[in-house]
Amino acid sequence: MARAAPPAARRGAWPARLAEAALAAGLALVLAVPLIGFQAVETNAVLGIRTRFGWVALAVAAVFAGRLLLTLARDWRRAFSLRPTSPQPSPPAGTERKAEAGGRRFQALVPAFPALGRRERALLSLLGLGFALALPFLPFSSSYLIDLATSVVIYVMLGWGLNVVVGLAGLLDLGYVAFYAVGAYSFALFVRWFDLSFWQGLPLAGLLAACFGLTLGFPVLRLRGDYLAIVTLGFGEIVRLMLLNWVPVTNGPAGLSDVPRPSFFGLPFERRAPPGVTTFADFFHIPFSPQQRLIFLYYLILALALVTNAFTLRLRRLPIGRAWEALREDEIACRALGINPTTVKLSAFATGAMLGGFAGAFFATRQGFISPESFTFIESATILAIVVLGGMGSQLGVVMAAVVLVCLPELGRAFAEFRMLLFGAAMVAIMVWRPRGLVAHRAPSLRLAAGREAR
Amino acid sequence: MSAALLEVEHLSMRFGGLLAVDDLSFAARGGEITAIIGPNGAGKTTVFNCLTGFYRASTGRLTLNRGARNFLLERLDGFRIAREAGVARTFQNIRLFAGMTALENLLVAQHVPLMRASLWSVGGLLGLPSFRRAEAQAVARARRWLERIGLVERADDPAGSLPYGAQRRLEIARAMCTEPALLCLDEPAAGLNPRESAELNALLLAIRAEHGIGVLLIEHDMSVVMGISDHVVVLDYGRKIAAGTPEAVRRDPAVIKAYLGEEEEDALPPEVARDLSEGS
């Protein structure tokens, strides 16, 4: 296979490969001795240490073999890709960026994931939408599956919201969960204080979250990149600590329970209705089933997410959306064109926060109970991971990444404590394989050719 | 001739102990191309940055007379200078929105009127016909500029993938899409080959003729400066050492001294002599 490789590389290949594998094995040894080699065990209330050097040897051997295979595959790939000294014209530049070149080497290691064309993306979106709509009525559908799908769609919606801030406006926000929390808490409190219905509480929650977005936006106007990330991280923590400590309002760590469940246009999903109220099941003369509420919640979040999607796609094609993207590309040039960066940034923050607030309100009504526990930094990190893994600015990518990131830990439950290891490995693999995200494609907001608008 | 479009009076810019621009006064007229030249580090780009609000001038007054309204540029925010006073600029190192298409670059330049037409996005979200009309007009304007700079075929390609010369022209077109009163070009011919810089000359002359706006030009390429400018201001160490028509400036001993040093006055390196005599 290495016949097209340069002769020098072929001759020196084996010692170099072995050395590389040995180095990796050495590193694995250093790490494995303390991590795997010793185990604390409790015998008769006395803490003792058990050694497991057999496992260490196994781990080191596995790393050695794995690294060797990886180098082999890499060299094989390199030899393979060198052979056709591509006489074909290079693809239109600009669709690919430098970062992709590094990842291309690894792409041969996994079954090639086709770069999606415009038609494929449209088809995939339609198929996905059809599947999502039909899901509760598919033969293999169950309460567990519908509940899981609801979680996925919540994350899809959060990802689409954060995509406005991170993907379009290029403002790295590590505290997005704060808006999610504000939405959830404001919904729970407003509904309780003013006795509102879900549909009355929802816009209020979004509005309040948008106000929090502006509040965060003002102090960070001058910051970019890493510095912005640090401040937003702090903001997320401030909100969480406030929820934890402002006991008279938020009930502190005990959280708020009895958040009213949504009703189907006034028809509650209950087995037995309070006097004078007709339940959903009674009204439609069907037997009561606890699945009805789950299905309703699922369609509710699906509808919210689809509205979010339509809203952001439309905003993207408006002047404000182009200004967000221009701000991401070059703030100085924006100013030289008469665009006020302050209002553009604030509008991005407020829009993203509002969408997060809607998702939070839904979360509160779905769970019926909220506490600060649900709004930790790991949530922000997961949402950001969904946006980044999906491909910044890509709506379809967010859906794919949300499905992967939410379902993977669920599928991995069989692996017990190795679950998160699997999760981390999958994230690393995606980034190595497709450095710009699953769907690294930017469709122009407007095309001159044929005068039709891009999707 | 009309009153000066831009009046720079006693402009100084100090960075700590460094006086980058020292008591500079000059005027630029509408419908004329005014070139600012000078050796490297003479403070030309600093003057531009003061004009366009990226720096706040230490002292001095910058007045832009736009029709009935006067703007004191040293008091305006950077984006207001572009939006209200109508000063557009390009950059020495091109600053296009590289990931966006050429067409989108020209539409972003029309952000201010489009935003108003979309009623700050509300009307745009509702798809009001007035917004659709405004957008179609903006696209038509962008298309005219793309045709003019010969990029209509590549309108939907990312700006970052265009050849260097095309990026320079696109940046000028983007600045022109803001409908400026004064266009400030920071070394537009840098890195262009002779054919491209001849095209640039033609473009700038056409802009002056058709739009009647003032053009302020920083340039090292003497074929551009001498070929198209009506008025030349020469800076050295932040001070104005000469001003006048290209012919007058070329013969000015102070200019020759600044560019070539005193002793070598009679022994010009051949390429410099050629540069200086070009375009006359």
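Residues numbered from 1 in each chain as written. Chains lettered and ligands numbered in written order. Predicted model: local features only at pLDDT ≥ 70, side-chain atom pairs only at ≥ 80, totals over all residues.

Draft legend 1. Local environment of the interface of chain B and chain A. Contact with chain B, which involves 34 residues of that partner, is made by 29 residues of chain A. Among the secondary structure elements, those contributing two or more residues to the side of chain B that touches chain A are α2 (78–85), α3 (102–108), α4 (111–117), α5 (122–126) and α6 (129–148) of chain B. (Contact = placed C-beta atoms within 7 Å. Helix = DSSP H or I, 4+ residues; strand = E, 2+ residues; numbered from the N terminus.)

Draft legend 2. Structural view of the sheet that holds strand β5 (residues 69–72) of chain B. Residue and element names in this part refer to chain B. In spatial order, the strands read β2-β1-β4-β5; together these four strands make up an open sheet with antiparallel pairing. Only two strands of the sheet have a single neighbouring strand rather than two, namely β2 (18–29) and β5. Recorded for the sheet is a direction-independent mean angle of 15 degrees between the axes of neighbouring strands. Both strand β1 (residues 4–15) and strand β4 (residues 59–66) contribute to a ladder of five bridges, which runs antiparallel. Bridge pairing links L6 to L64 in β4. (Pairing = 2+ DSSP bridges. Axes fitted to C-alpha atoms, helices over the stretch in contact; angles between N-to-C directions.)

Draft legend 3. Examining the domain arrangement of chain A more closely. The domains assigned to chain A are domain 1 (2–83) and domain 2 (118–451). Each of domain 1 of chain A and domain 2 of chain A was reduced to a C-alpha centroid, and the two centroids are 40 Å apart. (Domains from an automatic or database assignment.)

Draft legend 4. View of the packing of helix α16 (residues 377–390) of chain A against helix α17 (residues 395–411) of chain A. All names here are of chain A. It is the contact of α16 with α17, at a shortest axis distance of 7 Å, that shows an interaxial angle of 125 degrees. On the basis of the axis angle, α16 is oblique to α17. Taken as a pair, α16 and α17 cross one another with a handedness that is right-handed. For the pair α16 and α17, the contacting residues are T382, A385, I386, V387, L389 and G390 in the first and G397, V398, M400, A401, A402 and L405 in the second. Looking at the contact of α16 with α17 residue by residue, the classes come out as nine nonpolar, three polar and no charged. (Parallel < 35°, antiparallel > 145°, perpendicular 65-115°, else oblique. Left-handed = near helix turned anticlockwise from the far one by under 90°. Nonpolar A, V, L, I, M, F, W, Y, C, P; charged D, E, K, R; others polar.)

Draft legend 5. Region of interest: the nonpolar core. Ranked by size, the top nonpolar core spans 186 residues in total, and within it V156, M157, A181, A184, A188 and I386 of chain A together with V87 of chain B carry the most contacts. Residues in contact with M157 of chain A, not counting those within four places in the same chain, are I301, L304, A305, T308, L355 and A359 of chain A. (Core = buried A, V, L, I, M, F, W, Y, C linked by C-beta atoms within 7 Å. Buried ≥ 20, exposed ≤ 12 C-beta atoms within 10 Å, placed from the backbone.)

Draft legend 6. Just the sheet that holds strand β10 (residues 239–244) of chain B, in detail. All names here are of chain B. Read across the sheet, six strands follow the order β6-β7-β8-β3-β9-β10 without closing on themselves; strand pairing throughout is mixed. A single partner strand is all that each edge strand has here, and the edge strands are β6 (87–89) and β10. Each neighbouring strand pair of the sheet contributes to a mean axis angle of 20 degrees, computed without reference to strand direction. The sheet contact formed by strand β3 (residues 33–37) and strand β9 (residues 231–236) spans four bridges and is parallel. Within β9, the residue paired with T34 across the bridge is H231.

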